[in-house]
Amino acid sequence: MMTKRQVKESNMNEAVLNIFREEARERLAALEQRFLDLESADTADARRPIIDELFRHAHSLKGDAKAVGLPELQTAAQVLEDHLDSLREAPESIDGDAI
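Residues numbered from 1 in each chain as written. Predicted model: local features only at pLDDT ≥ 70, side-chain atom pairs only at ≥ 80, totals over all residues. Heavy atoms only, no water.

Caption draft 1: Looking closely at the overall build of the chain. The secondary structure content of the chain amounts to three helices and zero strands. Along the chain, from the amino end to the carboxyl end, the secondary structure elements read α-α-α. The burial tally for the chain puts 25% of its 99 residues in the buried class. Of all intrachain contacts in the chain linking residues separated by at least 6 positions in sequence, the fraction that spans at least 24 positions is 59%. Summed over its atoms, the accessible surface of the chain is roughly 6700 Å², and 53% of this surface lies on carbon and sulfur atoms. (Helix = DSSP H or I, 4+ residues; strand = E, 2+ residues; numbered from the N terminus. Buried < 20%, exposed > 50% of the residue type's maximum accessible area, 1.4 Å probe, protein only. Contact = heavy atoms within 4.5 Å. Areas by Shrake-Rupley, 256 points an atom, 1.4 Å probe, with all protein chains shown as cover.)

Caption draft 2: How the structure looks around the packing of aromatic side chains. One pass over the full model with this rule turns up zero aromatic pairs. Lying over the aromatic face of Phe55, Arg88 brings its terminal NZ or CZ to 4.2 Å of the ring centre. (Phe/Tyr/Trp six-rings, centres within 6.5 Å; stacked < 30°, edge-to-face > 60°. Lys NZ or Arg CZ within 6 Å of the ring centre and 35° of its normal.)

Caption draft 3: Here's a closer look at the nonpolar core. Ranked by internal contacts, the top residues of the largest apolar core, which has 13 residues, are Phe35, Leu38, Ile51, Leu54, Leu84, Leu87 and Ile94. Elements represented by at least two residues in this core include exactly α1 (4-40), α2 (44-67) and α3 (71-89). Here the element with the most residues in this core is α2; it accounts for five residues. Apart from the residues lying within four places of it in its own chain, the contact partners of Leu84 are Phe35, Ile51, Leu54, Phe55 and Ala58. (Core = buried A, V, L, I, M, F, W, Y, C linked by side-chain atoms within 4.5 Å.)

Caption draft 4: Structural view of the packing of α2 against α3. The geometry of α2 relative to α3 is characterised by a closest axis approach of 8 Å and an angle of 160° between their N-to-C directions. Viewed along their axes, α2 and α3 adopt a mutual orientation that is roughly antiparallel. α3 is crossed by α2, and the crossing has left-handed handedness. In contact with Ile51, Asp52, Leu54, Phe55, Ala58, His59, Leu61, Lys62, Ala65 and Lys66 of α2, α3 contributes Leu73, Gln74, Ala77, Gln78, Leu80, Glu81, Leu84, Asp85, Leu87 and Arg88. (Axes fitted to C-alpha atoms, helices over the stretch in contact; angles between N-to-C directions. Parallel < 35°, antiparallel > 145°, perpendicular 65-115°, else oblique. Left-handed = near helix turned anticlockwise from the far one by under 90°.)

Caption draft 5: Up close: the side chain of Lys62. Mapping Lys62 onto the fold places it in helix α2. Aside from chain neighbours lying at most four places away, what touches Lys62 is Gln74, Ala77, Gln78 and Glu81.

Caption draft 6: Summary view of α2. Given a rise of 1.5 Å per residue, 24 residues ought to cover 34 Å, and the 34 Å separating the end C-alpha atoms of α2 matches this to within 8%. Listed in full, the buried residues belonging to α2 are Ala44, Arg47, Ile50, Ile51, Leu54, Phe55, His57, Ala58, Leu61, Lys62 and Ala65. Just past α2, the residue Gly69 takes up positive phi, approximately 80°. (Expected span 1.5 Å × (residues − 1).)

Caption draft 7: Structural context of the environment of Leu31. Structurally, Leu31 can be placed in helix α1. Not counting residues within four places of it along the chain, the set of residues in contact with Leu31 comprises Leu54, His57, Ala58 and Leu80.

Below is the structure:
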């Protein structure tokens, strides 16, 4: 049987996970939309702010995943960050394969 403290902690953990799930859904939807925007951007100048925004979403997702103890998602977000860093270096050469 759980103590009152354990019940309270369990409820709090569930609440934190629910917030994480909602925010993660929003970030993933934003990532999807911005990748579509990146695909249609036709100049390096148009791509740079999109890549920066994508990076911020990936970075936030990574930090949130770490905070709630989801190392696999944290690692996936890090891989995405690394890829976006490489796109930042040469936004003029982005093509469909890079996206």
